[in-house]
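Below, each chain spelled out in residue letters.
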Amino acid sequence: MDISMTPTIPAAEEERIERVYRRRIFAWAMYDWGDHGFLTTTIVTFFPPYFIAIAATAFDKETAANVFSLVLSLTLFLSAIVAPIIGTYADITGRRKRVLIAITGLGSLFASLMVVLTSGMWVLGLILYAGTQIALNVALGMNSSLLPHVSRSDDLNRASSLGYALGYVGGGLLLAANTALFLFKDKLGLASDTAVQIAFFTTGIWWAVFTLPLALNVPEPPATPLTHSTGKMLADSITRLRHTIRDIQRYRELFNMLIAFWLYSEGISAIILLATTFGASLGLDTSALITTILMAQFVALPYVLIYGRIPNPSSKWRAAYVSMLLWTAITLPILGVYVHRQGDVGVATTFE
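Since this is a predicted model, take the numbers as computed values, not measurements. (Residues numbered from 1 in each chain as written. Predicted model: local features only at pLDDT ≥ 70, side-chain atom pairs only at ≥ 80, totals over all residues. Heavy atoms only, no water.)

K.L.:
So what exactly am I meant to see when it comes to the overall build of the protein here?
P.N.:
Of the regular secondary structure elements, the protein holds 13 helices and 0 strands. The linear arrangement of helices and strands in the protein, starting from the amino end, is α-α-α-α-α-α-α-α-α-α-α-α-α. Within the span of the protein, comprising 352 residues, buried residues form 36% of the whole. Pairs at least 24 apart in sequence give 79% of the contacts found in the protein among residues at least 6 apart. Taken as a whole, the protein presents about 19,800 Å² of accessible surface, with 68% of it coming from carbon and sulfur. (Helix = DSSP H or I, 4+ residues; strand = E, 2+ residues; numbered from the N terminus. Buried < 20%, exposed > 50% of the residue type's maximum accessible area, 1.4 Å probe, protein only. Contact = heavy atoms within 4.5 Å. Areas by Shrake-Rupley, 256 points an atom, 1.4 Å probe, with all protein chains shown as cover.)

What follows is the structure in structure tokens.
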């Protein structure tokens, strides 16, 4: 008998392991379902124009938009400083999931507290916005750090794209509900401010509730302590971070790529987060702005799933996915130029 043969796992056990694996992946991905509720409803859609409205007693529209843009820039900068320190602390202590849950609790509380904002309370609004934005940015990094410990190495792309996809769906559904509340507020006997305040309150609850699958099903990754620990976690975290930066600098191309990606991603984030602020400062209709953002959530969904399938060599539709992306990349700019030249082009004109 060949004793070197690897014992086979019973089919029932393999099925159980697969079920546990799928449940963990889904639980991890559902976190994006929750946090995107705050991202789409509050950060991108309702808060920027609402801030301009409640700050009207102190600033004109243009000045209020500039103040908001400055605070947003500072918030993103602080997030870039705080997130690596908290992330390193979580790695060293083996508390990634616990830190993520704690930050989520704080962020969801700040998000729901925006329900109290009324005219003139622009300072409190900025404080709550900045606190929740920082919590969200740190939480997104912490959640991403869990993925390599949850997903198999050959399934990372699919699992990551599933998270993004559920984020668009979850954020889109909550935004759709809050948009309906805002658009039909008159029939429901609600003032505009009340409809927006209810939207703020729901995002914190949504975020907290859909963190529960992760809290219950995703295991805590093991700690990676320093070889020569000082016994002080903050000092160890800064030391680990300094060592990491020093090691990265040895690989110039990697270091340059990370800097370029950080600047690019933060620039894209700023454009997305300031879109409604810019529209509100120009006096564009709030309903039109909200409807456009809502449409973008569901248009993005199939493309996110496609991106997750392209890196897989065994995907039968790989060539079709790439062709679809190339077709979109070519035709959309052409359509944009055509609309710009033609002026006001409606839906009926598009299908003529």
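K.L.:
What should I look at first to understand the packing of helix α5 (residues 156-183) against helix α7 (residues 192-209) in this one?
P.N.:
Any two packed helices are characterised by how steeply their axes cross, that is the angle between the axes, and by the distance between the axes. At a closest axis distance of 9 Å, the pairing of α5 and α7 adopts a crossing angle of 160 degrees. Here α5 is positioned roughly antiparallel relative to α7, judged by the angle of their axes. The two elements α5 and α7 cross, and the hand of that crossing is right-handed. Only S192, A195, V196, I198, A199, T202, T203 and W206 of α7 make contact with α5, whose side of the interface consists of G170, L174, N178, L181 and F182. Looking at the contact of α5 with α7 residue by residue, the class counts come to 8 nonpolar, 5 polar and no charged. (Axes fitted to C-alpha atoms, helices over the stretch in contact; angles between N-to-C directions. Parallel < 35°, antiparallel > 145°, perpendicular 65-115°, else oblique. Left-handed = near helix turned anticlockwise from the far one by under 90°. Nonpolar A, V, L, I, M, F, W, Y, C, P; charged D, E, K, R; others polar.)

K.L.:
Sorry if this is basic, but what is going on with the environment of P219 here?
P.N.:
You can see P219 is positioned in the loop between α8 (212-217) and α9 (233-249). In the structure, P219 is positioned 69 residues away from V150 in sequence and 7.9 Å away in space, judged by C-alpha atoms.

K.L.:
Where do I start with the nonpolar core in this structure?
P.N.:
Taken as a class, soluble globular proteins show a tendency for nonpolar side chains to be buried jointly. Membership of the largest hydrophobic core comes to 60 residues, with the highest contact counts inside it found for W28, F46, F47 and M114. Within the residue set of this core, elements represented by two or more residues are α1 (11-54), α2 (61-93), α3 (96-113), α4 (122-150), α5, α7 and α11 (286-309). With 17 residues, the top contributor of residues to this core is α1. Excluding anything up to four places from it in sequence, W28 contacts N143, S144, L146, L147, V150, A159, S160, G163, L214 and V218. (Core = buried A, V, L, I, M, F, W, Y, C linked by side-chain atoms within 4.5 Å.)

K.L.:
So what exactly am I meant to see when it comes to the pattern of salt bridges here?
P.N.:
This model, assessed by the stated rule, comprises 6 salt bridges. Note that E18 is salt-bridged to R22, the shortest N-O span being 3.8 Å. Here R22 and E18 lie together in helix α1, a separation of 4 residues that amounts to about one turn. Residue R22 is classed as partly exposed on the basis of its relative accessible area, which comes to 47%. In this structure, R98 and E220 form a salt bridge, with 3.3 Å as the shortest nitrogen-oxygen distance. Here the residue R98 occupies a position in helix α3, and E220 occupies one in the loop between α8 and α9, the gap between them amounting to 122 residues. (Salt bridge = Lys/Arg side-chain N within 4 Å of Asp/Glu carboxyl O.)

K.L.:
What should I look at first to understand the packing of α3 against α4 in this one?
P.N.:
Look at α3 against α4: their axes get within 8 Å of each other, and the N-to-C directions meet at 150 degrees. When the interaxial angle is binned, α3 and α4 end up roughly antiparallel. Once α3 is placed against α4, the crossing between them reads as left-handed. Residues R96, K97, V99, L100, I103, T104, G107, F110, A111 and L113 of α3 pack against L128, G131, T132, A135, V138, A139, M142, N143, S145, L146 and H149 of α4. Classifying every residue of the contact of α3 with α4 gives 12 nonpolar, 7 polar and 2 charged.

K.L.:
Would you mind showing me how to read the packing of aromatic side chains here?
P.N.:
Within a pair of aromatic rings, the relevant descriptors are the distance that separates the centres and the angle that separates the planes. Tallying each qualifying case throughout the model produces 13 aromatic pairs. Measuring from centroid to centroid gives 5.8 Å for W33 and F210, while their planes differ by 50 degrees, and the two rings are tilted. Of the two residues, W33 sits in helix α1 while F210 sits in the loop between α7 and α8, which places them 177 residues apart along the sequence. Overall, the relative accessible area of 15% leaves W33 in the buried class. Relative to Y129, the ring of F47 lies with its centre 5.0 Å away and its plane at 5 degrees, an arrangement referred to as stacked. Here F47, found in helix α1, pairs with Y129, found in helix α4; they are 82 residues apart in sequence, far enough to count as distant. Summarising the burial analysis for this pair, F47 and Y129 share the class buried. (Phe/Tyr/Trp six-rings, centres within 6.5 Å; stacked < 30°, edge-to-face > 60°.)

K.L.:
Please clarify how the side chain of T75 should be interpreted in this entry.
P.N.:
Residue position: T75 is located in helix α2. The buried category is assigned to T75, whose relative accessible area is 3%. Here V71 takes part through its backbone oxygen, which lies 2.7 Å from a polar atom of the side chain of T75. Beyond its immediate chain neighbours, meaning those up to four positions away, T75 contacts A130, Q133 and I134. (Polar contact = N/O pair within 3.5 Å; in protein donor to acceptor, adjacent residues only side chain to side chain.)

K.L.:
Sorry, what's going on with the side chain of T41 here?
P.N.:
By the element assignment, T41 lies in helix α1. For T41, a relative accessible area of 0% translates into the label buried.

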